[in-house]
Amino acid sequence: KADAVVATAPAVSAAPARNAAIAVEGDDDIIQIFIEDAREMIALINKTLPDWHADPANRDALLDLRRAFHTLKGSGRMVGASEIAEFGWSMENMLNKVREGKIAPSEAMFELLSRTRDVLPEMVVQLEGGPAPDADIAALRAMADALADNRPVDVAALTASSARAEPTATIA
């Protein structure tokens, strides 16, 4: 569809789009606490996402999943980890719409959440000074926003984006 959100592969280049380490506000102790909390929220996502996917009527699993993203958003904003915070907000907002009955869970949503579950640990590693995630975080956020607005997304592009980018030729 013409209005579907599509994640496009970035142009192949030798240099990453941005520095690996993310600048955050706050002292190191507070950031370390956030990193520990973020890992706990990732563990909660890892536990609740399969449960909710297996039974989309499982409201407790939905609420626990939503709470994990809410915590990432709020805590991330408090310490200045804005990329994680805004990423968490996009997922939380989408799940809020499900909770409110404004949208229904879909396979595209579960694909996005699965990809998100894989990307979040990489974002935490980046916060610690490691490399940037290979995933296009902005595209994942845009997909969550589209799903929250009940607009279609290109699931094929989402699943294709889950493969690590390799400098290979593409077929147009």
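Check the entry above for the structure.
Residues numbered from 1 in each chain as written. Predicted model: local features only at pLDDT ≥ 70, side-chain atom pairs only at ≥ 80, totals over all residues. Heavy atoms only, no water.

Caption draft 1: Local environment of the overall build of the protein. Tallying secondary structure elements over the protein gives six helices and zero strands in all. Scanning the protein from its N terminus toward the C terminus, one meets helices and strands in the order α-α-α-α-α-α. Taken over 172 residues, the protein has a buried fraction of 40%. For the protein, long-range pairs separated by at least 24 residues make up 70% of all intrachain contacts whose partners lie at least 6 apart in sequence. As displayed, the protein has an accessible area near 9200 Å², and 52% of this comes from carbon and sulfur atoms. (Helix = DSSP H or I, 4+ residues; strand = E, 2+ residues; numbered from the N terminus. Buried < 20%, exposed > 50% of the residue type's maximum accessible area, 1.4 Å probe, protein only. Contact = heavy atoms within 4.5 Å. Areas by Shrake-Rupley, 256 points an atom, 1.4 Å probe, with all protein chains shown as cover.)

Caption draft 2: Geometry of the nonpolar core. Formed by 44 residues in total, the largest nonpolar core has its most connected members in Trp52, Phe69, Met94 and Leu113. Those elements that place two or more of their residues in this core are α1 (28-54), α2 (59-79), α3 (82-99), α4 (107-127) and α5 (137-148). Contacts of Phe69, omitting those with residues within four sequence positions, involve Ile45, Gly88, Met91, Glu92, Leu95, Leu113, Thr116 and Leu120. (Core = buried A, V, L, I, M, F, W, Y, C linked by side-chain atoms within 4.5 Å.)

Caption draft 3: Region of the structure containing unusual backbone geometry. Backbone geometry places Asn150, a non-glycine residue, at a positive phi of 60°. Within the element layout of this structure, Asn150 appears in the loop between α5 and α6 (155-161).

Caption draft 4: A look at the pattern of salt bridges. In this structure the tally under the stated criterion is nine salt bridges. The closest approach of N and O atoms between Arg67 and Asp64, which form a salt bridge, is 3.5 Å. Highlighted residues: Arg67 and Asp64, both in helix α2, separated by three residues, approximately one helical turn. Note on Arg67: relative accessible area 39%, which makes it partly exposed. Each of Arg66, Lys73 and Glu92 takes part in salt bridges that share partners, so that together they form one network. (Salt bridge = Lys/Arg side-chain N within 4 Å of Asp/Glu carboxyl O.)

Caption draft 5: Up close: the packing of α3 against α5. At a minimum axis distance of 8 Å, the contact between α3 and α5 shows a crossing angle of 20°. Of the possible angle classes, the one that applies to α3 and α5 is roughly parallel. The chirality of how α3 crosses α5 is left-handed. Residue-level contacts link Glu83, Glu86, Phe87, Ser90, Met91, Asn93, Met94 and Lys97 of α3 to Ile137, Leu140, Arg141, Ala144, Asp145, Leu147 and Ala148 of α5. (Axes fitted to C-alpha atoms, helices over the stretch in contact; angles between N-to-C directions. Parallel < 35°, antiparallel > 145°, perpendicular 65-115°, else oblique. Left-handed = near helix turned anticlockwise from the far one by under 90°.)

Caption draft 6: Fine view of α3. The terminal C-alpha atoms of α3 lie 25 Å apart, and with 18 residues this matches the ideal 26 Å at 1.5 Å per residue to within 8%. Taking burial as the measure, the 18 residues of α3 include 13 buried ones, the bulk of the element. (Expected span 1.5 Å × (residues − 1).)

Caption draft 7: Representation of the side chain of Lys73 within the structure. Topologically, Lys73 is positioned in helix α2. Residue classification places Lys73 among the buried positions, given a relative accessible area of 11%.

Caption draft 8: Spatial organisation of the environment of Thr116. Looking at the element boundaries, Thr116 is found in helix α4. Accessibility expressed as a relative area gives 0% for Thr116, which makes it buried. Remark: the alpha-carbon pair of Thr116 and Arg141, spanning 25 residues in sequence, is separated by 9.4 Å. Leaving out residues up to four positions away in the same chain, Thr116 has contacts with Phe69, Phe87 and Met91.

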